[in-house]
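Descriptive structure summary
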There are 4 protein chains.
Amino acid sequence: MISIGIIGGSGYTAGELLRLLVNHPQAQLDFVYSTTNAGSPVASVHEDLYGSIDINFTDTVNPNVDVVFLCLGHGKSISFLEANYFSATTRIIDLGNDFRLTADANFNGKVFVYGLPELNRDQIKTAQYIANPGCFATAIQLALLPLAKNSLLADTIHVNATTGSTGAGVQPSATSHHPWRTNNMSHYKAFGHQHLGEIVQSLQQVQQGFDEEVLFIPNRGDFTRGIFATLYTKLTTDFNEVVALYNAYYASEPFVRVTTDSISLKLAIQTNNCFISLEQKGKYLLITSVIDNLVKGASGQAIENMNLMFGLEETTGLKLKPAGF
Amino acid sequence: MISIGIIGGSGYTAGELLRLLVNHPQAQLDFVYSTTNAGSPVASVHEDLYGSIDINFTDTVNPNVDVVFLCLGHGKSISFLEANYFSATTRIIDLGNDFRLTADANFNGKVFVYGLPELNRDQIKTAQYIANPGCFATAIQLALLPLAKNSLLADTIHVNATTGSTGAGVQPSATSHHPWRTNNMSHYKAFGHQHLGEIVQSLQQVQQGFDEEVLFIPNRGDFTRGIFATLYTKLTTDFNEVVALYNAYYASEPFVRVTTDSISLKLAIQTNNCFISLEQKGKYLLITSVIDNLVKGASGQAIENMNLMFGLEETTGLKLKPAGF
Amino acid sequence: MISIGIIGGSGYTAGELLRLLVNHPQAQLDFVYSTTNAGSPVASVHEDLYGSIDINFTDTVNPNVDVVFLCLGHGKSISFLEANYFSATTRIIDLGNDFRLTADANFNGKVFVYGLPELNRDQIKTAQYIANPGCFATAIQLALLPLAKNSLLADTIHVNATTGSTGAGVQPSATSHHPWRTNNMSHYKAFGHQHLGEIVQSLQQVQQGFDEEVLFIPNRGDFTRGIFATLYTKLTTDFNEVVALYNAYYASEPFVRVTTDSISLKLAIQTNNCFISLEQKGKYLLITSVIDNLVKGASGQAIENMNLMFGLEETTGLKLKPAGF
Amino acid sequence: MISIGIIGGSGYTAGELLRLLVNHPQAQLDFVYSTTNAGSPVASVHEDLYGSIDINFTDTVNPNVDVVFLCLGHGKSISFLEANYFSATTRIIDLGNDFRLTADANFNGKVFVYGLPELNRDQIKTAQYIANPGCFATAIQLALLPLAKNSLLADTIHVNATTGSTGAGVQPSATSHHPWRTNNMSHYKAFGHQHLGEIVQSLQQVQQGFDEEVLFIPNRGDFTRGIFATLYTKLTTDFNEVVALYNAYYASEPFVRVTTDSISLKLAIQTNNCFISLEQKGKYLLITSVIDNLVKGASGQAIENMNLMFGLEETTGLKLKPAGF
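Residues numbered from 1 in each chain as written. Chains lettered and ligands numbered in written order. Predicted model: local features only at pLDDT ≥ 70, side-chain atom pairs only at ≥ 80, totals over all residues. Heavy atoms only, no water.

**A closer look at the overall build of chain A**
Rules: Helix and strand labels come from DSSP, where a helix needs a run of H or I of at least four residues and a strand needs a run of E of at least two; each type is numbered from the N terminus. Atoms considered for the radius of gyration are the C-alpha atoms alone. The globule rule reads 2.2 Å times the number of residues to the power 0.38. Burial classification: accessible surface area is computed with a 1.4 Å probe over protein chains only, and a residue below 20% of its type maximum counts as buried, one above 50% as exposed, and the rest as partly exposed. Every residue pair with non-hydrogen atoms within 4.5 Å of one another is taken to be in contact.
Secondary structure summary: chain A contains nine helices and 14 strands in total. Relative to the globule expectation of 20 Å for 325 residues, the C-alpha radius of gyration of chain A, 19 Å, shows essentially globular dimensions. If one aligns the C-alpha atoms of chain A with their principal axes, the spans along those axes are about 60 × 45 × 35 Å. Taken across its 325 residues, chain A has 65% of its residues classed as buried. At a minimum sequence separation of 6, the contacts of chain A that also span at least 24 residues come to 72%.

Okay, here's the thing in structure tokens:
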């Protein structure tokens, strides 16, 4: 059994980790750290786990657990790790964005591997520290990696992606206030979203010299879960060849499904799956990519990384019933 | 023209008043008071009014306006009126719950009339001070008044009503956080909601000695606007007579529509209307009542009261396009 | 392995069965029967299963499977069984309402057991034919069984319950048309819903001579999944004793969670759980009961019954990640 | 008073026309034609108008009304006009797409003017026949016309726009079935939507020789009303000059509001307004445009055209309360 600690235990990604871990056959929850809720039952915050989990939040960490998941707000993992010690063998998976860029990946001697299994599976297996990808970044990279791998990205990439409200976290705010968000749509950080850095970094990793523009408009959607992303760029080779390349790239992947049929967001919800649809539109390739932002876009992928690091079957604990409706 | 001041200008009921008043042919907006937003354009908060209203919030009041609407949180009207002076002829319409009960209605010599036109139209016409009814209270009273008027309430009254999230106000909170509220349903203050007081008071006003239980479960619904209320009690007379009594009671009412067909919440949304459906279920009378909580349940009814107080046609500025969908 | 056939394979309960069965360790899908889709891939209808299931719909049945699930419209199971033959050992689980009432339970020598494990577990274990309970009926019975078991139902029972739109099935209709249903609420079949029969039958099974009225208003909610039910009746004993009786009744139940905290619908969504909250309101007992209509209210409970019939651990394949949000 | 007939009276655009016309001070409803509902009260279909409108649907037309609105499915206006006669002075406003393109605009001697007031106001004033623009087309044209007017469209135009479910009409279908549509997102007709024709035609009308690509992805959104459109293209002049050109183009327009602040869909809902936001993103101009698809995108604009044709103030009957929430 893998002993597990969770830091930032009252947030959405921590809650989703807990929902997954209570059914994971190799997981042994050791502690759930939350300074604001220390002493209260975990199920008093994550109420759907009442009856499934009976431990309390703590404000102390066990430095000897096998793995720690950091579920803190972006930018807070560094300060947490500066203030807290873990054993030399404890693995750390950071769900924030502190260590995703190569420039940030070496932190006091801890070297973080970017935890996108479809890109870095072999490095993940031997890594001790993982920077778990962002949700938009996961959907967009999975949509583009087969092209990049074959050096076929040769023009501007246009991306429009819409996220559910859980992406904004558990803290109430004006743009996640129900009266405002419901029946509404808006965009934010257009052309300047912070996930662009990790996206471009990964594309450059597999396509030498990649330097095309990625024009990305993120939208706030009127749903709670999911990323619905459409991307297009000029076709640089025959469409059927492109389909073949995607099928080849993802042939052995347990969580990526490639199709030329139309898809909708809900296919991926409540699962660790990414559905990718490919269509030719004249001289353009149109790619649609959907994931659940809290599963493949966060906590599910974090467990996928854990499975790889501990030599488990990658899908352990991640064969999830799709939401359906 | 009626010169108007609004207190608590950044909240939902104030916003709805403004949306209505900009098209009201006799309304002249004098000031919109908001201590937190003073100096900023009103349209910077109520963004849909950009291009329709070009004044700024103020932190001073003009004591000589013809009418002031108090759109403060419940319990805050008293302290506001203690701290601020208005002219002897200024009319005041309080949208809070400070003065709705007879025991609270005389405040420093100001006598507040309960502003439900279908109950107190004549008193409203000559009142200087109005306590505007609560949203649940409006839907429930309109559903019961014709029975009470005819002394036909003779058994326990069972009420189940669901409100939209705007009912909880503009301030973000856990139960109006979009990820939580969406696709969800819950109840609160079951059997003990604060509107019971004004409901019972009105029933007693028209049915001498009324003392039946009113068992009321309020629910939080997964929509932004509206009150959907179902009520039942034992039939104490022939159903057709009941229908006739409702039709008679509301025959001249501009905003109440009585039917024996089934109805749904959206019929009333974005309007000042109340739809009431009557059905016989064996020995029970089942009443369904729907309103828009921000219009007939708050700001629309406040303007209806203003119209009555100033001798205008009651529907002035309140002939609104229904939402439809 | 249990070989399985599904009849009526393109509907919502069949889809949900398939989502559950693809991860069930003892399930071996033999055929999915759908006359309208015969020859097409199952994943062309249940698109989220693309990549998880690769068989086609058939228009023939294998009469020798171990178990058949009937997922036909209500009233259609009888005609299907009249026209189709299954082996003498094939077990049949009917998700429709054809055989739920005792008067209907003996069909050509096949005797159907009412498949509510919390009521009839022992009979289910040895049954060959199961009538799977209705969704509303499941939520309401679980809310009342401990009272009935202790003969504590002694006054009128008031029930108000709201269902998600999947409850109306896959066939588009006016009241499940998105523009109409969204932001809306309505009731239907008030005081006369067809599930009342099975509810009263079960209460009478455990409380001899039960003959109180059950006044039930079913509502159409603005969400896709779930049943949110509130019930109240007069307390006939001390509240703390009631809580103790519920805790005792459900102490060993894997899927029922009793609490005195407030609950909301989403706690149960995407799971086979039923959450029950108990509150005292003066002389009344207020019970809140929430389930997922497609899981505990249909397909999950059907698999729970299968597990019991085949001697498996009852929770096999039913340890599901809650939706969360 | 203007006597009015409506054809196709049971659909969504007809319903919205009726909601607007019942409060229009110059409108006199003569007949509402619906073959499927002839003889039934109009309010039996458009239930929110119960109490506001008391005529029945007819299956005959009065050929002498002042104006007829055609609210038929796309492609059905031609056959209707072939089978039905109207007086020589009757004006016709077609809400379908039969006559929007110049190539289709001359129908048996009736010459249809494209009814976008911000483009063709003078021609509309003297027109007898109007082709009312499409909803997507309205939002997109209003976003681009000031650039085209100044011949500043000089590169590919990228458009991503999401529509509410009312855009798909009153007829239930798989993609407007509530269980499917809710919490979902999808695209359709990417790069090939039928509104592209009228969009390009209008751009060419004001920018001689315009031949840039317009790459348009239409999405199905999880809301009932509205079009949320984002567009970008390369800036060909200084951003501040662009803002000035938009402000100048729309300075006298009663329904278009230009801003450099961020906007969200709901600003325009339930109104005839179009909000346009302008932002510079490096070398790109990002334009956001929001309308209500049933008002400015259909029935509101149709009445705007009627007002212009009959010499009324353009905003008559169209000063609508915004939805707010």
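**Section: the relation of the copies chain A and chain D**
To keep it simple, the criterion reads: For this overlay, a least-squares fit was computed on C-alpha atoms, restricted to residues scoring pLDDT of at least 70 in both copies.
Note on the identical chains: chain A maps onto chain D by a rotation of 180° and an axial translation of 0.0 Å, with an RMSD of 0.0 Å. Here the two chains are linked by the operation of a two-fold rotation axis. Proximity to the rotation axis, assessed at the C-alpha, singles out Asp222 of chain A in chain A; its C-alpha lies 3.1 Å from the axis. When the interface residues of chain A are mapped onto chain D, 100% of them again lie at the interface, so the same face is used by both copies.

**Thoughts on the UniProt feature "domain: Semialdehyde dehydrogenase NAD-binding" (unreviewed entry) in chain A**
Stated precisely, the cut-off is as follows: UniProt positions are given in the numbering used here, feature names are shortened, and annotations may be inferred rather than shown by experiment.
Within this structure's numbering, the places UniProt gives as "domain: Semialdehyde dehydrogenase NAD-binding" (unreviewed entry) are residues 3-127 of chain A. Structurally, residues 3-127 of chain A is divided into 25% helix and 22% strand, and its ends, taken at the C-alpha atoms, are 17 Å apart.

**Focus: unusual backbone geometry**
A positive phi angle, close to 65°, is found at Phe191 of chain C, a residue other than glycine. When you line up the elements, Phe191 of chain C lands in the loop between strand S9 (186-187) and helix H7 (196-206). The phi torsion at Asn183 of chain D lies on the positive side, around 65°, for a residue other than glycine. As for its position among the elements, Asn183 of chain D is in the loop between helix H6 (178-181) and strand S10 (186-187).

**Quick look at the interface of chain A and chain D**
Spelled out, the test is: Once two parts are joined, some of their accessible surface, as seen by a 1.4 Å probe, is lost; buried area is that loss totalled over both. Note on definitions: salt bridges are taken to be side-chain nitrogens of Lys or Arg within 4 Å of carboxyl oxygens of Asp or Glu. Distance and chemistry together define a polar contact, namely a pair of N or O atoms within 3.5 Å, with one atom able to donate a hydrogen and the other to accept it when in protein, and with adjacent residues in sequence counting only for side-chain atoms on both sides.
Taken together, the contact pairs 33 residues of chain A with 33 residues of chain D. Carbon and sulfur atoms supply 62% of the area buried between chain A and chain D, which totals about 3100 Å² over both sides. The tally of links between chain A and chain D comes to two salt bridges. The partner of Lys283 of chain D in a salt bridge is Glu213 of chain A, and the shortest N-O contact between them spans 3.7 Å. For the interface between chain A and chain D, the tally reads 20 residue pairs in polar contact (both at pLDDT 80 or more).

**What to know about the packing of aromatic side chains**
Heads up, the condition is: Aromatic rings from Phe, Tyr and Trp, with only the six-membered ring used for Trp, were paired whenever their centres fell within 6.5 Å, and each pair was classed as stacked if the ring planes differed by under 30 degrees, edge-to-face if by over 60, and tilted otherwise. Criterion for a charge above a ring: Lys NZ or Arg CZ within 6 Å of the ring centre, and within 35 degrees of the ring normal.
The final tally for this structure, using the stated rule, is 48 aromatic pairs over all chains. Their ring planes at 15° and their centres at 4.0 Å tell us that Phe99 of chain A and Phe112 of chain A sit as a pair that is stacked. Of this pair, Phe99 of chain A sits in the loop between strand S4 (91-94) and strand S5 (106-107) while Phe112 of chain A sits in strand S6 (residues 110-114), placing them 13 residues apart in sequence. Pair check on accessibility: Phe99 of chain A and Phe112 of chain A agree, each one buried. Ring centres of Phe80 of chain D and Phe86 of chain D lie 6.3 Å apart, and the angle between their planes is 35°; this geometry places the pair in the tilted category. The buried category is assigned to Phe80 of chain D, whose relative accessible area is 8%. An aromatic cluster is present here, built from Phe99, Phe107, Phe112 and Tyr129 of chain A joined pairwise through their rings. Above the plane of the ring of Phe310 of chain A lies Arg91 of chain A, whose end atom (NZ or CZ) is 4.5 Å from the centre.

**Remarks on the interface of chain D and chain B**
Contact residues are listed per partner, giving 31 residues for chain D and 31 residues for chain B. Surface buried jointly by chain D and chain B totals about 2700 Å² across both partners, of which 55% is contributed by carbon and sulfur atoms. When the area that chain D buries against chain B is broken down by residue, the three leading residues are Tyr50, Lys321 and Phe325 of chain D, summing to 27%. Seen at the junction of chain D and chain B, the total is two salt bridges. Inspection of the chain D/chain B interface yields 19 residue pairs in polar contact (both at pLDDT 80 or more). Of all elements in the fold, only helix H1 (12-21) and strand S13 (256-259) of chain D reach the threshold of two or more residues within the side of chain D that touches chain B. It is H1 of chain D that contributes the most residues to the side of chain D that touches chain B, four residues altogether.

**Some thoughts on the UniProt feature "active site" (unreviewed entry) in chain A**
All names here are of chain A. The UniProt record marks Cys135 with the feature "active site" (unreviewed entry), using the residue numbering of this structure. A residue is classified by how much of its surface remains accessible, and Cys135, at 16% relative accessible area, is buried. Filtering out sequence-adjacent residues up to four positions away, Cys135 remains in contact with His195, Ile227, Ile291, Asn293 and Gly297.

**Quick notes on the sheet that holds strand S3 (residues 57-58) of chain D**
All names here are of chain D. Put simply, the rule reads: Two strands form a pair only when DSSP identifies at least two bridges running between them.
The mixed open sheet is built from eight strands, whose spatial order is S3-S2-S1-S4-S5-S8-S7-S6. In this open sheet, the two strands that pair with only one neighbour each are S3 and strand S6 (106-107). In this sheet, strand S4 (residues 67-70) lies alongside strand S1 (residues 2-7) in parallel orientation, the contact comprising four bridges. Its bridge partner lying in S4, Ile6 is registered against Phe69.

**Here we look at the sheet that holds strand S14 (residues 284-291) of chain B**
All names here are of chain B. This is how the line gets drawn: For helices, the axis comes from a line fit to the C-alpha atoms of the stretch in contact; other axes are also lines fit to C-alpha atoms, and the angle between any two N-to-C directions lies between 0 and 180 degrees.
In space, the seven strands of this open sheet follow the order S9-S10-S8-S11-S14-S13-S12, with mixed pairing throughout. Looking at the sheet topology across the chains shown, the edges are occupied by strand S9 (186-187) and strand S12 (256-259). Here S9 pairs with strand S10 (residues 214-220) via two bridges, running antiparallel. Looking at the pairing, His187 lines up with Asn219 of S10. On the sheet, helix H8 (residues 239-249) packs against S12, strand S13 (274-281) and S14 and is oriented at approximately 170° with respect to S13.

**Observations regarding helix H1 (residues 12-21) of chain C**
The element H1 of chain C is extensively covered by neighbouring structure, given that nine of its ten residues are classed as buried. Of the residues making up H1 of chain C, those classed as buried are Tyr12, Ala14, Gly15, Glu16, Leu17, Leu18, Arg19, Leu20 and Leu21 of chain C. Taken together, the buried residues of H1 of chain C touch strand S1 (2-7), strand S2 (27-33), helix H2 (42-45), strand S3 (67-70) and helix H9 (295-309) of chain C together with H6 of chain D.

**Observations concerning the domain arrangement of chain A**
Residues and elements named next belong to chain A. The criterion, for reference: Where each domain starts and ends comes from a domain assignment, either automatic or drawn from a database.
Under the domain assignment, chain A is made up of domain 1 (2-132 + 296-309) and domain 2 (135-293). When each unit is reduced to the centre of its C-alpha atoms, the spacing between domain 1 and domain 2 is 25 Å. Between domain 1 and domain 2 lies a buried interface of about 1900 Å² when both sides are counted; carbon and sulfur atoms form 48% of it. When residues of domain 1 are sorted by the area they lose upon contact with domain 2, Tyr12, Glu118 and Lys296 head the list and together hold 33% of the total. Our enumeration of links across domain 1 and domain 2 arrives at three salt bridges. Across the domain 1-domain 2 interface, the total number found is 16 residue pairs in polar contact (both at pLDDT 80 or more).

**So, the pattern of salt bridges**
Here the structure, examined in full by the defined rule, presents 52 salt bridges over all chains. Among the ionic pairs, Glu253 of chain C bridges to Arg121 of chain C, the shortest N-O distance being 2.6 Å. A residue pair is termed long-range when its members are at least 10 positions apart, and Glu253 of chain C in the loop between helix H8 (239-249) and strand S12 (256-259) and Arg121 of chain C in helix H4 (residues 117-126) qualify at 132 residues. One salt bridge connects Asp48 of chain D with Arg19 of chain D, and the closest N-O pair in it is separated by 2.9 Å. Taken together, the positions of Asp48 of chain D in the loop between helix H2 (42-45) and S3 and Arg19 of chain D in helix H1 put the pair 29 residues apart, joining distant regions of the chain. A single burial state applies to Asp48 of chain D and to Arg19 of chain D, both of which are buried.

**Points about the environment of Thr237 of chain B**
Residue and element names in this part refer to chain B. Mapped onto the elements of the fold, Thr237 is located in the loop between strand S11 (227-234) and H8. For the pair formed by Thr237 and Leu285, sequence separation is 48 residues and the distance between their alpha carbons is 9.8 Å. Every residue in contact with Thr237, bar those within four places of it in the chain, is listed here: Leu152 and Val242. A distance of 2.8 Å separates the side chain of Thr237 from the side chain of Glu241, its partner in a polar contact.

**Comments concerning the confidence of the model for chain A**
Using the following cut-off: The score called pLDDT rates the predictor's confidence residue by residue, from a low of 0 to a high of 100.
Per-residue pLDDT for chain A has a mean of 97; in total, 100% of the residues score no lower than 70. Both scores are given for the predicted complex: the pTM is 0.98, the ipTM 0.97.

**Some details on helix H9 (residues 295-309) of chain B**
Residues and elements named next belong to chain B. Basically, it comes down to this: To estimate how far a helix should reach, multiply one less than its number of residues by 1.5 Å. Bend at a residue means the angle formed by two fitted axes: the first through the 7 residues ending at that position, the second through the 7 residues beginning there.
Relative to the 21 Å expected for 15 residues at 1.5 Å per residue, H9 spans just 18 Å between its end C-alpha atoms, considerably shorter than the ideal helical length. At Gln301, H9 shows its largest kink, close to 45°. Directly beyond the C-terminal end of H9, a positive phi value near 75° is found at Gly311.

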